[in-house]
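A closer look at the structure
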Amino acid sequence: MPTLTALGNDGQVVNVVTFNRSFWTNVRDASSGVLASSTVTRTNKNLQVDRGSSSFLLGRAFFAFDCSGISSTVASATLKIHGFFTGTGLLIAVKASAPNSNGTTALATSDFDAIPGFSAGNSMNGNVTDYSAALTGWNLNAYNDFTLNSTALSDLQSNSIIQIAIVNYTYDYLNSNPGFVDRNLHNGMYWSDFTGTSTDPIIDYTLAATAGDVASINDSAIGNISFINDNAKTIISSINGIDLP
């Protein structure tokens, strides 16, 4: 199965505000964060919805993958993020515009809302481009699999770089004020800058079968077959969705 590895400018953008009556609006709807890092190796408090003693934090994760080598139809793909240490929030993958389109420039605090369709005060649901369903559960010492939807599959084929954000689903994506009830909703993860490659953020994908993939039927070369299930091969255009040569 072919694999894409996240480019080295993956990372997180975090916003922090001190408590006040509009703390959720201030932290979630800001156009800029207070911290951005593309050199982080692994974190146990990214993607957080976190209430401290006098402040509130919200983090978003951003990834870019070079998919310029994909020219044919992508049949399926899975974004795989390796968990680390903590994992209590529900997450979703959406289309992003950061890291930037060439996948080389480091994240900036201004990338906090670099999610096409995002607008202050509104839910992301129905406004941004979803790349997956909400992922329930979080493996702390293994890969977590986001099954990418048809929109993401199309973007993998048509774009040279695919940019993905992962955000907290329950509060950030749905724009639901958590108040002071929920806290410490962290999802720890490994990033591409961590030593080695066994925990890198990756996308596994498969390509759709083509006519050239049908070389034989029941161990008989396709060119030597005249009939298939009593039907002349010349009148059969495809088998299980695969066009015959």
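Before reading on, note that the structure itself is shown above.
These lines cover the structure that appears in this document, whether it is placed above or below. Note that the structure is predicted; figures quoted are calculated from it, not measured. (Residues numbered from 1 in each chain as written. Predicted model: local features only at pLDDT ≥ 70, side-chain atom pairs only at ≥ 80, totals over all residues. Heavy atoms only, no water.)

Thoughts on the overall build of the protein
- For the protein, the helix and strand inventory stands at 3 helices and 18 strands.
- Considering the protein as a whole, with its 245 residues, one finds that 45% of them fall into the buried category.
- Here the analysis covers contacts within the protein between residues at least 6 apart in sequence; of these, 80% occur between residues at least 24 apart.
- Surface exposure of the protein reaches about 11,300 Å², of which carbon and sulfur atoms provide 47%. (Helix = DSSP H or I, 4+ residues; strand = E, 2+ residues; numbered from the N terminus. Buried < 20%, exposed > 50% of the residue type's maximum accessible area, 1.4 Å probe, protein only. Contact = heavy atoms within 4.5 Å. Areas by Shrake-Rupley, 256 points an atom, 1.4 Å probe, with all protein chains shown as cover.)

Regarding the pairing of strand E9 (residues 143-147)
- Alternating positions in E9 separate cleanly, Asn-144 and Phe-146 being buried on one face and Tyr-143, Asp-145 and Thr-147 remaining unburied on the opposite face.
- As judged from the 5 bridges shared by strand E7 (residues 74-87) and E9, these two strands associate in the antiparallel manner. Its bridge partner being in E9, Ile-81 is matched across the sheet by Asn-144. (Pairing = 2+ DSSP bridges.)

Some points on the pattern of salt bridges
- All told, the structure shown has 5 salt bridges when counted by the stated rule.
- For Asp-29, the salt bridge identified is with Arg-28, shortest N-O distance 3.1 Å.
- Its relative accessible area of 16% is what places Asp-29 among the buried residues.
- A salt bridge links Asp-172 to Arg-60, with the shortest nitrogen-to-oxygen separation between them at 2.8 Å. Within this pair, whereas Asp-172 is found in helix H3 (residues 169-173), its partner Arg-60 is found in strand E6 (residues 55-66), the two being separated by 112 residues in sequence. Arg-60 carries the same exposure label as Asp-172, and that label is buried.
- Here the salt bridges do not stand alone but share partners, grouping Arg-28, Asp-29, Arg-60 and Asp-172 into one network. (Salt bridge = Lys/Arg side-chain N within 4 Å of Asp/Glu carboxyl O.)

Side note on helix H2 (residues 150-158)
- Listed in full, the buried residues belonging to H2 are Ala-152, Leu-153, Asp-155 and Leu-156. Projected down its long axis, H2 carries its buried residues within an arc of 165°, all on one side. Seen from the open side of H2, the exposed residues pointing more than 90 degrees away from its buried face are Ser-150 and Ser-158.
- The N-cap residue of H2 is Asn-149: its side-chain oxygen and the backbone nitrogen of Thr-151 are 3.2 Å apart. (Arc of directions from axis to C-beta. Polar contact = N/O pair within 3.5 Å; in protein donor to acceptor, adjacent residues only side chain to side chain.)

Comments concerning the environment of Ala-36
- Along the chain, the position of Ala-36 falls in strand E3 (residues 35-37).
- Residue class for Ala-36 comes out partly exposed when judged on its relative accessible area of 24%.
- Taking the C-alpha atoms as reference points, Ala-36 and Thr-109, 73 residues apart in sequence, are found 5.1 Å from one another.
- Apart from the residues lying within four places of it in its own chain, the contact partners of Ala-36 are Gln-12, Val-13, Leu-107, Ala-108 and Thr-109.

Points about a nonpolar patch on the surface
- Taken together, Val-16, Val-34 and Leu-35 make up a surface patch of nonpolar side chains, about 240 Å² in accessible area.
- Given a relative accessible area of 47%, Leu-35 falls into the partly exposed group. (Patch = residues over 30% accessible without salt bridge, like charges linked within 9 Å, V, L, I, M, F, W, Y side chains within 5 Å.)

Considerations on the environment of Gln-163
- With respect to the secondary-structure elements, Gln-163 resides in strand E10 (residues 161-168).
- Judged by relative accessible area, Gln-163 falls into the buried class, the value being 12%.
- Apart from the residues within four sequence positions on either side, Gln-163 is in contact with Phe-63, Ala-64, Val-94, Lys-95, Ala-96, Ser-97, Ala-98, Pro-99, Asn-100, Ser-101 and Tyr-131.
- Within the structure, the side chain of Gln-163 is placed 3.3 Å from the backbone nitrogen of Ala-98, a separation counted as a polar contact.

Let's talk about the pairing of strand E11 (residues 187-190)
- Along E11, one buried face is formed by Asn-187 and Met-189 and the opposite face, lined by Gly-188 and Tyr-190, is buried too.
- In terms of strand pairing, strand E4 (residues 42-43) meets E11 through 2 bridges, oriented antiparallel. Its bridge partner lying in E11, Thr-43 is registered against Met-189.
- By the bridge criterion, 2 bridges tie E7 to E11 in an arrangement that is antiparallel. Directly across from Gly-87, in E11, lies its bridge partner Asn-187.

Observations concerning the packing of aromatic side chains
- Applying the stated rule across the entire model yields 8 aromatic pairs.
- Ring centres of Phe-63 and Trp-191 lie 5.4 Å apart, and the angle between their planes is 15°; on these two criteria the pair is classed as stacked. One end of the pair, Phe-63, is in strand E6; the other, Trp-191, is in the loop between E11 and strand E12 (202-207), and 128 residues separate them in sequence. Of the two residues, Phe-63 and Trp-191, neither departs from the other in class, the shared state being buried.
- A ring pair is formed by Tyr-169 and Tyr-173, whose centres lie 5.2 Å apart and whose planes are at 25°; its orientation type is stacked. Here the residue Tyr-169 and the residue Tyr-173 both occupy positions in helix H3, the gap between them amounting to 4 residues, near one helical turn.
- Overall, Tyr-169 belongs to the partly exposed group, its relative accessible area being 24%.
- Taken together, the ring pairs connect Phe-84, Phe-85, Tyr-190 and Phe-194 into an aromatic cluster.
- The lysine or arginine in question, Arg-60, covers the ring of Phe-112, its NZ or CZ lying 4.0 Å from the ring centre.
- Looking at Arg-60, its charged tip hangs above the ring of Phe-118, at a distance of 4.9 Å from the centre. (Phe/Tyr/Trp six-rings, centres within 6.5 Å; stacked < 30°, edge-to-face > 60°. Lys NZ or Arg CZ within 6 Å of the ring centre and 35° of its normal.)

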